[in-house]
Amino acid sequence: MSLMIGIPKETYAGEKRVATVPEVVEKLIKLGFKVAVESGAGDAANFSDDTYRAAGAEVIDGAAKLWAASDIVFKVCVPTTEEVGFLREGGTLIGFIWPAQNPELMKQLAAKKATVLAIDSLPRMLSRAQKMDALTSQAGVAGYRAVIEAANAFGRFFNGQITAAGKVQPAKVFVAGAGVAGLAAIGTAAGLGAIVRANDTRAEVADQVTSLGGEFVKVDYEEEGGGGGGYAKVMSEGFQQAQREMYAKQAREVDIIITTALIPGKPAPKLITAEMVKSMKPGSVIVDMAAERGGNCELTEPGQSVVRHGVTIVGFTDLASRLSKQSSTLYATNLFRLAEELCKTKDGIANVNMEDDAIRGLTVTKEGSITWPPPAPKLPAAAPAAAKSAATPAAKKGGHGHGGGASEPMAGNKLAIMFGVAAALFWLVGNSAPPAFLSHFTVFILACFVGYMVVWNVKPALHTPLMSVTNAISSIIAIGALVQISPIVGAANRPDSLITWVAGAGIVLTAINMFGGFAVTQRMLAMFRK
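Now for a quick tour of the structure. Because the structure is a prediction, the values reported are computed rather than measured.

Each value, and the rule that gives it
- Residues numbered from 1 in each chain as written.
- Predicted model: local features only at pLDDT ≥ 70, side-chain atom pairs only at ≥ 80, totals over all residues.
- Heavy atoms only, no water.
- Helix = DSSP H or I, 4+ residues; strand = E, 2+ residues; numbered from the N terminus.
- Buried < 20%, exposed > 50% of the residue type's maximum accessible area, 1.4 Å probe, protein only.
- Contact = heavy atoms within 4.5 Å.
- Areas by Shrake-Rupley, 256 points an atom, 1.4 Å probe, with all protein chains shown as cover.
- Patch = residues over 30% accessible without salt bridge, like charges linked within 9 Å, V, L, I, M, F, W, Y side chains within 5 Å.
- Salt bridge = Lys/Arg side-chain N within 4 Å of Asp/Glu carboxyl O.
- Axes fitted to C-alpha atoms, helices over the stretch in contact; angles between N-to-C directions.
- Parallel < 35°, antiparallel > 145°, perpendicular 65-115°, else oblique.
- Left-handed = near helix turned anticlockwise from the far one by under 90°.
- Nonpolar A, V, L, I, M, F, W, Y, C, P; charged D, E, K, R; others polar.
- Phe/Tyr/Trp six-rings, centres within 6.5 Å; stacked < 30°, edge-to-face > 60°.
- Lys NZ or Arg CZ within 6 Å of the ring centre and 35° of its normal.
- Polar contact = N/O pair within 3.5 Å; in protein donor to acceptor, adjacent residues only side chain to side chain.
- Arc of directions from axis to C-beta.

On to the overall build of the protein chain, then. Secondary structure assignment for the protein chain yields 18 helices and 17 strands. Going through the 530 residues of the protein chain one by one, you find that 40% of them count as buried. If you take every contact in the protein chain between residues at least 6 apart in sequence, the share linking residues at least 24 apart comes to 62%. For the protein chain, the exposed area adds up to about 28000 Å²; of that, 62% sits on carbon and sulfur atoms.

Residues I417, V421, L425, W427 and L428 make up a contiguous nonpolar surface patch of about 550 Å² in total accessible area. Its place among the elements puts W427 in helix α14 (residues 407–432). Its relative accessible area of 57% is what places W427 among the exposed residues.

All right, on to the packing of helix α6 (residues 134–153) against helix α7 (residues 180–191) then. Where α6 meets α7, the axes come as close as 7 Å, and the angle between the chain directions of the two elements is 40 degrees. On the basis of their axis angle, the class for α6 and α7 is oblique. In the packing of α6 onto α7, the handedness of the crossing is right-handed. Every residue of α7 that contacts α6 at T136, A139, G140, G143, Y144 and V147 is listed here: V180, A181, A184, A185, T188 and A189. When the residues that make up the contact of α6 with α7 are grouped by side-chain class, the tally is eight nonpolar, four polar and no charged.

What follows covers the packing of aromatic side chains. Going through the model one piece at a time under the given rule, you end up with five aromatic pairs. Each ring, one from F96 and one from Y331, has its centre 5.6 Å from the other, and the planes form 15 degrees; the classification is stacked. Within this pair, whereas F96 is found in the loop between β5 (92–95) and α5 (103–111), its partner Y331 is found in helix α11 (residues 324–342), the two being separated by 235 residues in sequence. Take F96 and Y331: they sit in the same class, and that class is buried. Centre to centre, the rings of Y221 and F239 are 6.1 Å apart; their planes meet at 85 degrees, and the pair counts as edge-to-face. Residue Y221 is located in the loop between β11 (215–216) and α9 (237–253), and its partner F239 is located in helix α9; the two are separated by 18 residues in the primary sequence. We classify F239 as buried; its relative accessible area is 3%. Among the aromatic side chains, those forming a connected cluster through ring pairs are F96, W98 and Y331. It is R293 that lies over the ring of W98; its NZ or CZ is 5.3 Å from the centre. Over the aromatic face of F316 sits the side chain of R322, whose NZ or CZ is 3.8 Å from the ring centroid.

Turning our eyes to something else, we now look at the packing of helix α1 (residues 22–30) against α11. Running from amino to carboxyl end, α1 crosses α11 at an angle of 5 degrees, the nearest separation of the two axes being 10 Å. By the angle between their axes, α1 is roughly parallel relative to α11. On the side of α1, the interface is formed by V24, K27 and L28, while α11 contributes A332, T333, F336 and A339.

Before going further, it helps to examine the environment of N199. When you line up the elements, N199 lands in strand β10 (residues 195–199). For the pair formed by N199 and V217, sequence separation is 18 residues and the distance between their alpha carbons is 5.2 Å. Beyond its immediate chain neighbours, meaning those up to four positions away, N199 contacts F174, V175, A176, G177, A178, F216, V217, K218, V219, Q243, M246 and Y247. Side-chain polar atoms of N199 contact the side chain of Y247, separated by 3.3 Å.

So, on to the pattern of salt bridges. A full pass over the atoms with the stated rule returns 22 salt bridges. Between E15 and R17 there is a salt bridge, and its shortest N-O distance comes to 2.9 Å. The salt bridge partner of R202 is D200, with a shortest N-O separation of 2.8 Å. R202 sits in the buried class, given a relative accessible area of 10%. Note on D200: relative accessible area 10%, which makes it buried. Via salt bridges that share partners, R128, K131, E341, K344 and D356 belong to a single interconnected network.

Here the focus is α1. P22, V24, V25 and L28 are the residues of α1 that are buried. Along the axis of α1, the buried residues cluster in a sector spanning 150 degrees; they form a single face. Of the surrounding elements, those touching the buried residues of α1 are β1 (4–7), β2 (34–38), α2 (49–55), β4 (72–74) and α11. In the stretch just after α1, G32 is the one whose phi turns positive, near 105 degrees.

Structure follows, in structure tokens:
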């Protein structure tokens, strides 16, 4: 018998998201489930009851009736005590639970003999779990919205402009923390034309910041900040002091600060002090995305936008909800992917497989038994290690008793052989070719070498404009066509008409290539200018 998935209306104040959308309802029905939606559940996200009916869902009036009719409940926010009371005995609940922060809620759910899957407990290090990662999808929306809120509170353009009324300098934005939300903020701010800087305790994100158009600001202190699962760890006091000095410098220079720093299970670290706020230029903006956990700024007031020392400090805790249609669609897709994992047979029956690392990590209570925290997922690193150990004897065998280091000398030998063959070929060419050919061949080899070194030392982002300008320069072959189009001395001292026409066509085509190449180069380089 197919199970019923219920979608209640969120009761948290100001919450506009809904746990599924009409587009996803159709997909859930194809998995064999029945879907019921509380009347008005999607109104705040611009999904009317009629659109749910058209997708095949049943619309039920009243939360109590909806919960009572549902075998599985999809939710966004942590359920209230009243909603737990509505939950069917032995039912299944899927949504944000935050088990570490809500021990009493865990006891209430266990008392209902419920099976609860906390979407926030997903083991994010598993690549196959990324399609279910609602934390990432919602953080991306929040990061985008943080920049929009900053632009709303900021009194100037983000991008620089030169107008008849004067020159407008581009805004300078500093993003503290380059996780999913931070990277979304960096990309959005750079897209709006701002000069973007960012910092993170994890050095490996520097390339990601640069790829999105930002500048990575490094703390002058060597310490790795990766804490596992995509989060940062608590840093040493020495690092924190160096970090504070860097933040103080940035606060004096930039117009907008967006903070995103969070550490699992702990209050948000205080990165922006009151003194730093005082040092910022009047009219500056701080968007504190960690406001829900206390905030990264000492003067943040969660849920509010306040002005302190001439600086607007935005502490909204519902950034994702402020883009409710987009965030609801992404969240609904995450839960659908989870439903696919629970119902691989597509018969409308959910199977919570505790042998599956992803499902085991999500499950915080199973039929009334608290199963959180889960055991560490099985590490897939054993297979590569075994392969390496298996390869060692083969390497020794190939090295004739010289040990496992035989592979590196082999690489050196191959390189030497390659150079030897090339030298022999050059000698043969030089020994047998005519002098005129040798001069052209030398120029060709040097051109290849110089061209290779020029391209190799240019940033990858500039390869396309570089190719277009070198394409234009290559049109120097037009000189050959100009030479050929001139009168060719012959018996009658008259030009060869066929060669003349071919040379003329060559000049036309190379002219197009030349001017077009430079035009494309200028347009593409303009994309990199602020």
